[in-house]
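Listed below are the residues making up each chain.
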Amino acid sequence: MKEFLTLSAGWQFKQRNPSIQLEENFNLLEGWNHTIVPGCIHTDLLDAGLIPDPFYGMNEQEVQWVGESDWLYRYFFTLPNEFEKRPALDLCFDGLDTFATVWLNGKEILTAANMFVPYRVSIRGIARSGHNELRILFESALRRGKELEKQYGKRAAWNTDASRVYVRKAQYHYGWDWGPTLITAGIWREVRLEAYTARIDTIFCPAEIGEDLKKAIVPVSVEIDNHSSLPLYLKLVLFDHYGITTSEATIPIDDSKIQHTFEIIDPLLWEPSGRLGAQPQYRVEASLLNGEKELDHKDCKFGIRRLCLLQNPLEGEAGSSFTFEVNNMPLFCRGANWIPADSFTTRVTRENYESWVQLAVAANMNMLRVWGGGIYEEDAFYDLCDEMGIMVWQDFMFACGIYPAHPEFLESVKAEAVANLRRLRNHPCIVLWNGNNEDYSIAQSLGAYDANFKDDFIATAFPAREIYERLLPEICAQLDPTRPYWRGSPYAGADADDPTQGDRHTWEIWHKQMAIYQDYRKFEGRFVSEFGMQGSPTLETLVSFLPPCELHQQSRTYEFHNKAPDGYRRLAVYLSDNLPTPAKLEEYIYATQFIQAEALKYAVMDWKRRWRGKGKEYVSGALVWQLNDCYPAISWAIADYLGKPKAAFYTLKRAFNHLTIGLDWASKNKATYWAVNTDSRERNLTLELKVISLEGKELASNRSEVIIPVNCATELDELEFEAVEPLVIVATLLDNGEIVRRATLWQEPFKYLALQDPRLKITRLEGEALLLEVKKPVKGLLLSADVDVQWSDNFLDLLPGDSQVVVARGLGEGTIAAYYLAKGGYIIKKHSV
């Protein structure tokens, strides 16, 4: 059997002293500190008490020297006796960040320059019985990037130091408009010894299913690394979702690549979250045998689903659709962009990933986009997306820059793409490989992109087209032909901002001209893969990183944690346009979350309205920027660094629901209303419309029966009324008398409304359920508690006579604070229930 030994505890590290020779640096006994890997230099220093917490206050500025320094790591080990008996002995590094030179027993065995490439080095003949010493030099990625920039020329990049485009490491480490500049180094993934006679390298199970979904063909490809002349066999066993063996085969090995095909009749289909189906996975178990002796063993999970990316002509409009279809059903993709969940990725546990993916599911999302300035995530992330039905749009790791394409860089990118495709391609959650983030946009802004040019890309001002249009699609076609590849995000051919085809980033709101968020409908795309609005973190999160003397919204430290260069000013404009001026910190938190929630609701509801059915998929997806934060920041995230949902989480949860009802102004005294049903079943419901004054008086009402067809938006009708005073329009959908959806339409801006004290009453029902009642209309009721609570719903509009029930899991004996607009400002009231 293959032997392995993980090299984790017992590592030592120290800063390199550039004034003395490297060998002397390593040999000096002084300065070494103990650590455990995986990790990174910042967490190692933090654990050793050598730096302050970079996330607290403005400490980030105090630790910039860390990324400017070189670092030494060493490890002493004794080779186990059984390892010496195997013909092959490898040292495996799953991730070195980034410029690393490795010596074993004084012999250089590896030079690494790509954070995203795993390395396997044969050390037979170098490792010895008894004492062994492993040494690693990590050179400053910032310095090395500057050297490469000097050698090859300065290139353009948005966000932070442009030398990053030469360095194959997580680009957000250089800082972004939502994250700090913390340029890491170190051993960020597992290190281990492997000793073996023969081993299973990879298994690939690209299941294919016909249009009738009745039979699946599962070609299994297994690659073997064999270091013996022994007669070997490969035993393959296919298990279904319930762990029952459905088929098996034993195959003699006469090559390094073995192939076999299974057939599955009436397979269980993997479905995205929110569909009527589940997320079953099959499993192939591979055993490498010499007679009855097992030399190695490896499992491979996979899902069966029919995946298409449809780009079809549209009825009555220019361009084409950009629609994902799974198991013959077109999908409106509802989701968010995912960035690394920490600046120091090794701190993210499986439990952290699980909480985040569960949060996406709870928000009725079915897609996350792994953004190209971060990392190819850990296996746990994709495993959880497989299990919970979250589709993954997977970027390759290029973002907002004009990347080079000299031969060494291309070879490094090729190794990176091959390694990560081979690691991730069995995951059914992944539905798209995407070349980059906004690289076509920056090239277009510089006049460096000519879509008609097809010759030598490397000789142009946009050389990375060689990567996005040749290298990556060729590797994807070779290693994973089961999924579509897309050149970039956004990408639409000649114009990155073309709303009629491809995907689009809608930043006319917030960036660019700072259009009002009520105009999101004017800036649609066939698939909107980025859009967003900033909102403050919760007070609890602010307290975790702001010194007490800086705990207010205009403090230097508060603004320091808004990494958008003019984020504070832009947020102030949207606040001023829509809401009364907040004076206190708690009011400011509520107000910014209010703006973020309303903005994202406008966007999603307007774009879902354009999902009109077959041949009319005018908008096929909305991925908000962003789900999460990598550090405590004032940002676009809908849940802050500590995982606390903002108000926008709840508006998105309602807007992303399969069934929604929408309202819009047609004129001063006329409103239109529509419904969206992205489910696979038709709905027959009762629609009730009411016009209510701000005093709570019902001015008009209407009730009708409506049929809401399958998987499309339906325009219902118009409501005319006499506009004699400020009012609210309310639409409710009822199923057998029970309200299943609500929508409200207010006369904006809210700062002009004479909202009165709603006389809010909160009554505790059985368990942790709360009954919410008002006497007058209330806009944007946000509930918080002095204990950690998971709210079933929040940031609600409440109307007289329409009580709502929310569940506050974890409330116990806690006290509730209610935030809402009234009396020309903000009301914050405590409630004991």
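Residues numbered from 1 in each chain as written. Predicted model: local features only at pLDDT ≥ 70, side-chain atom pairs only at ≥ 80, totals over all residues. Heavy atoms only, no water.

S.K.: Just checking my understanding: could you explain the overall build of the protein chain for this structure?
M.R.: Counting its regular elements, the protein chain contains 14 helices and 50 strands. Summarising its shape, the C-alpha atoms of the protein chain cover approximately 90 × 65 × 60 Å along the three principal directions. The buried share among the 833 residues of the protein chain stands at 61%. Across the protein chain, the 88 positively charged side chains and the 114 negatively charged ones have centroids separated by 2 Å. (Helix = DSSP H or I, 4+ residues; strand = E, 2+ residues; numbered from the N terminus. Buried < 20%, exposed > 50% of the residue type's maximum accessible area, 1.4 Å probe, protein only. Lys, Arg positive; Asp, Glu negative; His and termini not counted. Charge placed at Lys NZ, Arg CZ, Asp CG, Glu CD.)

S.K.: What's the story with a nonpolar patch on the surface in this structure? I'm lost.
M.R.: Among the surface-exposed residues, Tyr242, Ile244 and Leu268 lie close enough to one another that they form a single nonpolar patch of about 320 Å² accessible area. For Tyr242, a relative accessible area of 61% gives the class exposed. (Patch = residues over 30% accessible without salt bridge, like charges linked within 9 Å, V, L, I, M, F, W, Y side chains within 5 Å. Areas by Shrake-Rupley, 256 points an atom, 1.4 Å probe, with all protein chains shown as cover. Salt bridge = Lys/Arg side-chain N within 4 Å of Asp/Glu carboxyl O.)

S.K.: I'm lost on the environment of Ile634 in this one. Help?
M.R.: Checked against the element boundaries, Ile634 lands in the loop between β35 (621-624) and α14 (647-655). For the pair formed by Ile634 and Asn33, sequence separation is 601 residues and the distance between their alpha carbons is 35 Å. Those residues in contact with Ile634 that sit more than four places away from it in its chain are Gln534, Gly535, Ser536, Pro537, Tyr558, His561, Asn562 and Leu571. (Contact = heavy atoms within 4.5 Å.)

S.K.: Sorry if this is basic, but what is going on with the layout of surface pockets here?
M.R.: Leftover empty space is mapped by rolling, across the atoms, a probe with the size of a water molecule. Estimated volume of the largest pocket: approximately 1700 Å³. Forming the boundary of the largest pocket are 48 residues, of which Asp94, Arg192, Lys298, Asp379 and Arg423 lie nearest the centre. Of all the elements in the fold, those that place two or more residues in the lining of the largest pocket are β9 (119-122), β14 (191-196), β15 (198-204), β22 (293-302), α5 (350-362), α6 (379-388) and α7 (407-424). Tallied by class, residues from the lining of the largest pocket come to 18 nonpolar, 9 polar and 21 charged. Estimates place the volume of the second largest pocket at around 1300 Å³. Surrounding the second largest pocket, 44 residues form its lining, Thr538, Lys644, Pro645, Asp788 and Val789 being those nearest its centre. Looking at the lining of the second largest pocket, the elements with two or more residues in it are α5, α10 (539-545), α13 (585-608), α14, β45 (778-785), β46 (790-791), β49 (815-822) and β50 (825-832). With 6 residues, α5 is the largest single contributor of residues to the lining of the second largest pocket. Partitioning the lining of the second largest pocket into residue classes produces 23 nonpolar, 11 polar and 10 charged. (1 Å grid on protein atoms, 1.4 Å probe; cavity = no way out; pocket = protein on both sides within 12 Å on 5 of 7 lines; lining within 4 Å. Points joined across faces, edges and corners; volume = space filled by probe spheres on them. Nonpolar A, V, L, I, M, F, W, Y, C, P; charged D, E, K, R; others polar.)

S.K.: In this structure, what is going on with the pattern of salt bridges? I would like to understand it.
M.R.: Pairing is possible between side chains of opposite charge, provided their charged atoms come close. Scanning the model with the defined rule gives 68 salt bridges in all. A salt bridge links Glu698 to Lys690; the nearest nitrogen and oxygen atoms lie 3.7 Å apart. We classify Glu698 as partly exposed; its relative accessible area is 44%. For Lys690, a relative accessible area of 26% gives the class partly exposed.

S.K.: Mind showing me how you'd approach the side chain of Ser321 here?
M.R.: Structurally, Ser321 can be placed in the loop between β25 (317-320) and β26 (323-326). Only 3.2 Å separates the side chain of Ser321 from the backbone oxygen of Leu310, close enough to count as a polar contact. Discounting chain neighbours no more than four positions away, the residues touching Ser321 are Leu310, Gln311, Asn312, Leu314 and Glu617. (Polar contact = N/O pair within 3.5 Å; in protein donor to acceptor, adjacent residues only side chain to side chain.)

S.K.: I keep staring at the sheet that holds strand β44 (residues 769-773) and nothing clicks. Help me out?
M.R.: By way of backbone hydrogen bonds, the strands of a sheet pair with one another, either parallel or antiparallel. Here 4 strands make up an open sheet; going across it, the order is β43-β44-β48-β46 and the pairing antiparallel. Since the sheet does not close on itself, it has two edges, and those belong to β43 (761-764) and β46, each with one partner. Of the strand pairs in this sheet, β43 and β44 are connected by 4 bridges, and their pairing is antiparallel. By the bridge assignment for β44, Arg764 is matched with Leu770. (Pairing = 2+ DSSP bridges.)

S.K.: How should α7 be read in this particular structure?
M.R.: Residues that lie three or four places apart on an α-helix share one face, since the helix turns once every 3.6 residues. Across its 18 residues, α7 extends 26 Å between first and last C-alpha, which sits within 8% of the 26 Å expected from 1.5 Å per residue. Contact partners of the buried residues in α7: α6, β31 (430-434) and α9 (465-479). (Expected span 1.5 Å × (residues − 1).)

S.K.: Which parts of the structure should I look at to understand the sheet that holds β9?
M.R.: Spatially, β1-β14-β5-β9 is the arrangement adopted by the 4 strands of the open sheet, whose pairing is antiparallel. This sheet does not close on itself; its edge strands, each paired only once, are β1 (3-6) and β9. Between one strand axis and the next, the sheet turns by 20 degrees as a mean value, whatever way the strands run. (Axes fitted to C-alpha atoms, helices over the stretch in contact; angles between N-to-C directions.)

S.K.: Sorry if this is basic, but what is going on with the side chain of Gln279 here?
M.R.: Examined against the element boundaries, Gln279 turns out to sit in the loop between β20 (257-265) and β21 (282-290). A distance of 2.9 Å separates the side chain of Gln279 from the backbone oxygen of Glu271, its partner in a polar contact. Those residues in contact with Gln279, other than ones at most four positions away along the chain, are His241, Trp270, Glu271, Pro272, Ser273, Asp386, Glu387, Met388 and Gly389.

S.K.: Where do I start with the pairing of strand β39 (residues 698-708) in this structure?
M.R.: Side chains on a regular strand alternate between the two faces of the sheet. The pairing of strand β38 (residues 683-693) with β39 spans 10 bridges and is antiparallel. Each residue of the ladder has a partner; that of Val691, found in β39, is Ala700. Counting the residues between successive antiparallel strands, the hairpin from β38 to β39 contains 4 residues, one of them, Gly696, with a positive phi of roughly 95 degrees.

S.K.: Got a minute to help me understand the nonpolar core in this structure?
M.R.: Looking at soluble globular proteins, one finds that nonpolar side chains tend to be buried together. Core analysis: the biggest nonpolar cluster contains 231 residues, and Leu96 and Phe324 have the highest contact counts within it. If near-sequence neighbours (up to four positions away) are discounted, Phe324 is found in contact with Leu307, Cys308, Leu309, Met329, Pro330, Leu331, Cys333, Met367, Trp393, Val431, Leu432 and Phe527. Counting residues in each nonpolar core, the second largest holds 30 residues, with Ala198, Cys205, Val220 and Phe302 among its members. (Core = buried A, V, L, I, M, F, W, Y, C linked by side-chain atoms within 4.5 Å.)

S.K.: I tried to follow the environment of Glu695 on my own but got confused; where do I start?
M.R.: Residue placement: Glu695 occurs in the loop between β38 and β39. On the basis of relative accessible area, Glu695 is assigned to the partly exposed category, the value being 45%. Separated by 635 residues in sequence, Glu695 and Glu60 place their C-alpha atoms 51 Å apart. With near-sequence residues (within four places) excluded, Glu695 lies in contact with Gln756, Lys775, Lys776 and Pro777. A distance of 2.5 Å separates polar atoms of two side chains, one belonging to Glu695 and the other to Gln756. A polar contact of 3.5 Å, which involves the side chain of Glu695, links it to the side chain of Lys776.

S.K.: Help me out: how do you make sense of the pairing of strand β28 (residues 333-338) in this one?
M.R.: Burial within β28 is extensive, with 6 of its 6 residues counted as buried. Taken together, the 4 bridges between β28 and β35 define a ladder with parallel strand orientation. Bridge pairing in β35 places Arg334 opposite Ala622. Both β28 and strand β29 (residues 367-370) contribute to a ladder of 4 bridges, which runs parallel. Looking across to β29, one finds that Trp338 is bridged to Val370.

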